[in-house]
Amino acid sequence: MAVFCNRCGTGLPPSARFCSNCGAVVTVAAAVPGRPLIRPHVGRQIAGVCLGLAQANGWDITVVRILTVVGFFLTSGIVGVAYVAAWIGIPEDPVPLPGAYPPSI
Ligand SMILES: [Zn+2]
């Protein structure tokens, strides 16, 4: 598993601490949880908001979806408004990577 320079994108060996191309400090991507808050393509049900939140925080996607549905009715739709806001505010996964995010059903 290689790491990539955050500045220039050069592929580096996993043990690298500095980029051999531009000299930038290499920060190793954090493991799960710690994924960026995005709306993944794979495994989404509606807009990927629940899935993105679950993956970014290490939550169980099933629990997130149940709480979203329950919360929608308990809050008279406020959760629905928040969902739409998150739909707009959370960037969509720019690159569909089949297999990168296996649906956790
Ligand atoms: Zn670099």
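Report on the accompanying structure. Note that this is a predicted model, so its numbers are computed, not measured.

Attention shifts here to the coordination of the zinc ion. At 2.2 to 2.3 Å from the zinc ion lie its protein donor atoms, namely Cys5 (SG), Cys8 (SG), Cys19 (SG) and Cys22 (SG). Mapping the donors of the zinc ion onto the primary sequence gives the spacing C-x2-C-x10-C-x2-C. Note on Cys5: relative accessible area 4%, which makes it buried. Residue Cys8 is classed as partly exposed on the basis of its relative accessible area of 36%.

This part covers the packing of aromatic side chains. Enumeration over the complete set of coordinates arrives at 2 aromatic pairs. Arranged with centres 5.5 Å apart and planes meeting at 90 degrees, the rings of Phe72 and Phe73 form a pair that is edge-to-face. Judged by centre distance (6.2 Å) and plane angle (85 degrees), the ring pair of Tyr83 and Trp87 falls under edge-to-face. One end of the pair, Tyr83, and the other, Trp87, are both in helix H3 (residues 78-89), 4 residues apart, so they sit about a helical turn from each other.

On to the side chain of Arg39, then. For Arg39, the location among the structural elements is in the loop between strand S2 (11-12) and helix H1 (49-57). We note that Arg39 is buried and unpaired, the nearest opposite charge coming from Glu92 at a distance of 4.2 Å. At 3.2 Å, the side chain of Arg39 and the backbone oxygen of Trp87 are in polar contact. In contact with Arg39, other than residues within four places in its own chain, are Arg44, Ala47, Gly48, Val49, Ala86, Trp87, Ile90, Pro91, Glu92 and Asp93.

Attention shifts here to the pattern of salt bridges. Evaluation of the coordinates by the stated rule reveals 1 salt bridge. Between Glu92 and Arg44 there is a salt bridge; the shortest N-O distance is 3.1 Å. Of this pair, Glu92 sits in the segment after H3 while Arg44 sits in the loop between S2 and H1, and the two are 48 residues apart along the sequence. Glu92 gets classed as partly exposed once you look at its relative accessible area, which sits at 37%. For Arg44, a relative accessible area of 23% corresponds to the partly exposed category.

What counts as what
Residues numbered from 1 in each chain as written. Predicted model: local features only at pLDDT ≥ 70, side-chain atom pairs only at ≥ 80, totals over all residues. Heavy atoms only, no water. Donors = N, O, S within 2.8 Å, 3.2 Å for Na, K, Ca; no water. Buried < 20%, exposed > 50% of the residue type's maximum accessible area, 1.4 Å probe, protein only. Phe/Tyr/Trp six-rings, centres within 6.5 Å; stacked < 30°, edge-to-face > 60°. Helix = DSSP H or I, 4+ residues; strand = E, 2+ residues; numbered from the N terminus. Lys, Arg positive; Asp, Glu negative; His and termini not counted. Salt bridge = Lys/Arg side-chain N within 4 Å of Asp/Glu carboxyl O. Polar contact = N/O pair within 3.5 Å; in protein donor to acceptor, adjacent residues only side chain to side chain. Contact = heavy atoms within 4.5 Å.

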